[in-house]
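What follows is each chain in one-letter form.
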Amino acid sequence: MKIDVIGSGSAFSEINNTSSIHIEDNSHNQWLIDCGPTIPRALWQRGIEVNAIQAIYFTHCHPDHCSGLAALVNQWKSFQRAEPLDIFCQLEQQPLLTSLVDLAIWPETDICFDIRWHDITDAFTWQHWEIETANTQHEISNRAIRLTVDGQTLFYSGDGRPTAASKVLMQDADLAFQECASFKALDDDASHGDLPDCIRLLKDTNVKKLGLYHCFDAALPNLRDAAGTIPNLFISYDGLILNTADAL
């Protein structure tokens, strides 16, 4: 899998796009995970063709992870997308996303391509992709995701502190991205991750490479310094391109 980090920043980052990754497999199937307000423009800058992204997976529906859907669908409508789009989201959060699609095409009610809505379950498949999900500890329900594609495994946390279930998903992954807002340890009941917890994750889950993202801007200098001293740990950044095969 080729992973392009579209955005690595926290909700109100002044230096990075909101958190999102673009995934492409060996057969050129393409997914987008999350789509906050700064993501559509970053995609357009890459020149990604309007029919290329086949599915969007939403970890949760906080604005920094979903509000860009309206602009993206509006652009796809304006440039006559024809291919269907699969949207994976939690059933109770789907009305929020539906309203963003409605906004994208307002005052019209019809769109030039089909949108197929899918509820996120614990395990499902898409084409030849094997997918597992689990909740993290966050203010609202957030579903971390593990994808196994072409014999390689990617984990992406979305927002929130790790849970026992999300740690299982991360186990032995070739490449993992974990939200890490803070350099210093946060309270156990916090809704975001921190560096001490991520260091424990790296050891406990045996991931080959662990990238930290959704970091508060003020924490980034200390996080970068610390990551430089810890093998297999790195700080994600906008425009970073990785391949899960590189971790094998």
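Everything below is about the structure shown above.
Being a predicted model, the structure only gives us computed values, none of them experimental.

A. Broad picture of the pattern of salt bridges. A full pass over the atoms with the stated rule returns 9 salt bridges. In this structure, Arg116 engages Asp86 in a salt bridge whose closest nitrogen and oxygen atoms are separated by 2.8 Å. With Arg116 in strand β6 (residues 115–119) and Asp86 in strand β5 (residues 85–89), this residue pair connects regions lying 30 residues apart in the sequence. With relative accessibility at 5%, the residue Asp86 sits in the buried group. Connected through shared salt-bridge partners, Arg161, Asp194, Asp197 and Arg200 make up one network.

B. Representation of the nonpolar core within the structure. Formed by 27 residues in total, the largest nonpolar core has its most connected members in Leu32, Ile56, Phe58, Leu69, Trp76 and Leu97. Look past the residues within four positions of Leu32 in its chain and what remains in contact with it is Ile6, Ser20, Ile21, His22, Ile39, Leu43, Ile53, Ala55, Ile56, Tyr57 and Leu72. In terms of nonpolar packing, the next biggest core, distinct from the first, is built from 26 residues, Met1, Ile33, Leu154 and Leu240 among them.

C. Representation of the sheet that holds strand β14 (residues 241–243) within the structure. Spatial strand order, β6-β5-β4-β3-β2-β1-β14: 7 strands in an open sheet with mixed pairing. Edge positions in the sheet fall to β6 and β14, since each of these pairs with one other strand and no more. Going across the sheet, the axis of each strand differs from the next one's by a mean of 20 degrees, ignoring polarity. Sheet topology places strand β2 (residues 20–24) next to strand β3 (residues 30–33); 4 bridges connect them, and they run antiparallel. Bridge assignment links Ile23 to a residue of β3, and that residue is Trp31. Those strands touched by helix α1 (residues 39–46) are β1 (2–7), β2 and β3, and its axis lies near 130 degrees from that of β1.

Rules used throughout
- Residues numbered from 1 in each chain as written.
- Predicted model: local features only at pLDDT ≥ 70, side-chain atom pairs only at ≥ 80, totals over all residues.
- Heavy atoms only, no water.
- Salt bridge = Lys/Arg side-chain N within 4 Å of Asp/Glu carboxyl O.
- Helix = DSSP H or I, 4+ residues; strand = E, 2+ residues; numbered from the N terminus.
- Buried < 20%, exposed > 50% of the residue type's maximum accessible area, 1.4 Å probe, protein only.
- Core = buried A, V, L, I, M, F, W, Y, C linked by side-chain atoms within 4.5 Å.
- Contact = heavy atoms within 4.5 Å.
- Pairing = 2+ DSSP bridges.
- Axes fitted to C-alpha atoms, helices over the stretch in contact; angles between N-to-C directions.

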